[in-house]
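# A structural walkthrough
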Amino acid sequence: MKLQIKSVLLGVFRTMERTETILIQSSTDVVLVRQSVRQFAVEIGFGLVDQTKIVTAASELARNTLDYGGGGTAKLETVESGRRRGLKLTFEDQGPGIVDIDLALKDGFTTGSGLGMGLSGAKRLANEFEIQSVVGEGTRVTIIRWK
């Protein structure tokens, strides 16, 4: 199968001391992801606007992991690059994969019953964004929001 990768930045950084992995198997887990992301963002020192942006992006990606990927994981990591601190989130599933990433990133495109704003919205809310997908094997979306 063909691996598709779309990346915006995702440069050099190092993981700091805090990581957490959350299994996403139900709507309750999507709520847990939101709560944990907010807690990480507060600990890093994000203001309310940046907290809201990263929590919203995480919620969209966690919901996609559940609804389209059949469940998976969310990995939360505090990272730094030079003097910048940030929050890196990686959502991974072993679902059907995405046939056309460019199309999936267009506002309004959906293969389900949603509004088609999840992936494109998450991309806009993050400072860095990468998506990798193999049809029949799954999808991994990584975002970073910097303080």
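Residues numbered from 1 in each chain as written. Predicted model: local features only at pLDDT ≥ 70, side-chain atom pairs only at ≥ 80, totals over all residues. Heavy atoms only, no water.

### Observations regarding the environment of Thr65
Position of Thr65 relative to the elements: it lies in helix α2 (residues 48-67). A sequence separation of 75 residues divides Thr65 from Arg140, and the C-alpha atoms of the two residues are 9.0 Å apart. If sequence neighbours within four positions are ignored, Thr65 has contacts with Ile24, Gly70, Gly71, Gly72, Thr73, Phe91, Glu92 and Asp93. (Helix = DSSP H or I, 4+ residues; strand = E, 2+ residues; numbered from the N terminus. Contact = heavy atoms within 4.5 Å.)

### Some points on helix α4 (residues 118-125)
Listed in full, the buried residues belonging to α4 are Gly118, Leu119, Ser120, Gly121 and Ala122. Elements in contact with the buried residues of α4: α2, α3 (101-104), β5 (128-134) and β6 (138-146). (Buried < 20%, exposed > 50% of the residue type's maximum accessible area, 1.4 Å probe, protein only.)

### Let's talk about the confidence of the model for the chain
A residue-level look at the chain finds 81% of positions with pLDDT of 70 or above and a mean pLDDT of 86. Averaged pLDDT values over the elements of the chain bottom out at 48 in strand β1 (residues 3-8) and peak at 97 in helix α1 (residues 27-44). Segment residues 4-8: pLDDT under 50, and 22 contacts once partners within four positions in sequence are set aside and those in other chains are kept. (pLDDT = per-residue confidence, 0-100.)

### Quick notes on the nonpolar core
Formed by 32 residues in total, the largest nonpolar core has its most connected members in Val33, Val37, Ile54, Leu89, Phe91, Leu119 and Ile143. The element best represented in this core is α2, accounting for seven residues. The contact partners of Val37, leaving out residues within four places of it in the chain, are Ile54, Val55, Ala58, Leu76, Leu87 and Leu89. (Core = buried A, V, L, I, M, F, W, Y, C linked by side-chain atoms within 4.5 Å.)

### Topic: the side chain of Ser36
Considering the arrangement of structural elements, one finds Ser36 in helix α1. What Ser36 contacts, discounting residues up to four positions off in sequence, is Glu20, Ile22 and Leu76.

### Digging into the packing of α1 against α2
Running from N to C, α1 and α2 point in directions that differ by 155 degrees, and their axes come no closer than 9 Å. In terms of orientation, α1 and α2 fall into the roughly antiparallel class. Remark: the crossing between α1 and α2 carries right-handed chirality. Here α1 contributes Ser27, Val30, Val33, Arg34, Val37, Arg38, Ala41 and Val42 to the contact with α2, which in turn contributes Leu48, Gln51, Thr52, Ile54, Val55, Ala58, Ser59, Ala62, Arg63 and Leu66. Looking at the contact of α1 with α2 residue by residue, the class counts come to eleven nonpolar, four polar and three charged. (Axes fitted to C-alpha atoms, helices over the stretch in contact; angles between N-to-C directions. Parallel < 35°, antiparallel > 145°, perpendicular 65-115°, else oblique. Left-handed = near helix turned anticlockwise from the far one by under 90°. Nonpolar A, V, L, I, M, F, W, Y, C, P; charged D, E, K, R; others polar.)

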